[in-house]
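Spelled out, the chains give:
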Amino acid sequence: MAQFDSQWMNAWQDDVNEDSTLPMIGRYFTTDFLLGFGDKEYRVSVREGRIERITDNLSIETPWTFALRAPVESWERFTQKVPPPMYNDIWAMAHPLHGRLQMDGNVKIMWQNIRALTWMLARMREVPDHAVVEERATRV
Amino acid sequence: MSATHEPITGRYVHVPYGGYEYRVFYEEAGEGIPLVCLHTAGTDSREYRHQLCDPDINGDFRVIALDLPRHGKSIPPVGFEREEYRLTAKFYSEFVMAFCEALELEKPVIMGSSMGGNICLHLALNFEERVRALIAIEACDHSPGWYISWLEHPHVHGGEACATSIFGLMAPQSPEDYRWETWWYYSQGGPGIFRGDLHFYSVDHDFRELNDKITGNVPIYFMTGVYDFACTPEMTEKTAEKVKGSECIIMEEIGHFPMCENPETFKKYLMPVLDKVKATERETARA
């Protein structure tokens, strides 16, 4: 199971930044958004479709545009190689019928970049298993 | 070397409805029992290209897939630029029957998905004497939550946002090329059309108090995929329990667009339904 700790976030950042499609579909995707895995929150700073920086230890002075917050169990299902029904997509999880993910803040920016954002989040399914992630240095 | 042609023929027919003559595009293939296919919200008849081309289907059925006005190649009525498009159950159900009448189809089978599935309930209630059977794919009596402004907001790219909003409705097991093809169809809808259709899907279609008014004289086959988060299997099952003459089929490893996201898996579930339609036809002929 994914731990959603610093190493895991760094591994995801690497996968995103190595992706060959995001520079094309994410050309205009530049914002700072918040990802919440239960109590653990990170700010993801995206510049032109690449993740420039991931920040933890957030304070009320850490600005972000929109936030995606969900219980760890929701993200664990979302990040499986073959995610189960109702957990395979952020809009599936956030849909009013289901409520397994909360979308907050300036969601207009989210909808403006929804294609690149969902592509970026789908890369979470490619993060290597925990043993590999553990060996990495933490940048967050 | 001869060119590879598909058996589909595309044509335009003029459909009179409400004092206006709509120019409607449809595709068809095969001969036999008329099988009219209704596309999902915000897209067009291309969703049925696999069923149109399948000899196991078009051998016994005249498969017809139309583009509703404002969709695909069916142009909007004159003056559309001055109106806010909001699809209603009344227009949708009556227009489908007007199309069938224009083509002089005798008691067609009507198969639709998503909003095309939901409209089957209205057809069963109001036009049971004019249809042979209804195949309601991804349908239920109430499907709220989709009438959202971002899908037509001028600050948001309509093509990308509409298409991406439906991508997760498809199962991860469905072939990637077909899922992206469905995304592509959705990226091509006219501005505000997807949301206008969703007015029917999530607002005007509230059939909860009407389920038990369906007589059961026309067979209704509900078919829902397990990855459909807009109309879950549970929502379909609850509706089917209340609708007389219905059968409920839950499809594994497929989502909201069975006919185009995974035609092979869908076929496994669809053929037994079509066999039942044919069996009923034979019984009727004998009687």
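Since the structure is predicted, the reported quantities are computational estimates derived from the model, not experimental observations.

(A) Region of interest: the overall build of chain B. Scanning chain B from N- to C-terminus turns up ten helices and eight strands. For chain B, whose C-alpha radius of gyration is 18 Å, the value lies close to the compact-globule estimate of 19 Å for 287 residues. Considering only C-alpha atoms, chain B reaches an extent of 60 × 55 × 45 Å along its principal axes. By sequence separation, contacts in chain B at least 24 residues apart represent 76% of the contacts at least 6 residues apart. One way to put it: in chain B the 26 positive side-chain charges average out to a point 3 Å from where the 44 negative ones average out.

(B) Geometry of empty space enclosed by the protein. Residue and element names in this part refer to chain B. Inspection of the entire model under this criterion finds two cavities of 30 Å³ or more. When its volume is computed, the largest cavity comes out at roughly 60 Å³. Lining the largest cavity, in full, are Ala 41, Ser 114, Trp 146, Ile 166, Leu 169, Tyr 186, Phe 194, Leu 198, Tyr 201, Ala 230, His 256 and Phe 257. Ranked by residue count, the leading element in the lining of the largest cavity is helix α7 (residues 193-204), at three residues. In the lining of the largest cavity, the residues fall into ten nonpolar, two polar and no charged. Lining the second largest cavity we find Cys 37, Leu 38, His 39, Leu 66, Leu 68 and Tyr 92.

(C) Main features of the pairing of strand β3 (residues 33-38) of chain B. Residues and elements named next belong to chain B. Across the six residues of β3, six count as buried, placing the element largely inside the fold. In the sheet, β3 pairs with strand β5 (residues 109-113) via four bridges, with the strands oriented parallel. Pairing of Cys 37 across the sheet is with Met 111, part of β5.

How each quantity is defined
Residues numbered from 1 in each chain as written. Chains lettered and ligands numbered in written order. Predicted model: local features only at pLDDT ≥ 70, side-chain atom pairs only at ≥ 80, totals over all residues. Heavy atoms only, no water. Helix = DSSP H or I, 4+ residues; strand = E, 2+ residues; numbered from the N terminus. Rg over C-alpha atoms; globule rule 2.2 N^0.38 Å. Contact = heavy atoms within 4.5 Å. Lys, Arg positive; Asp, Glu negative; His and termini not counted. Charge placed at Lys NZ, Arg CZ, Asp CG, Glu CD. 1 Å grid on protein atoms, 1.4 Å probe; cavity = no way out; pocket = protein on both sides within 12 Å on 5 of 7 lines; lining within 4 Å. Points joined across faces, edges and corners; volume = space filled by probe spheres on them. Nonpolar A, V, L, I, M, F, W, Y, C, P; charged D, E, K, R; others polar. Buried < 20%, exposed > 50% of the residue type's maximum accessible area, 1.4 Å probe, protein only. Pairing = 2+ DSSP bridges.

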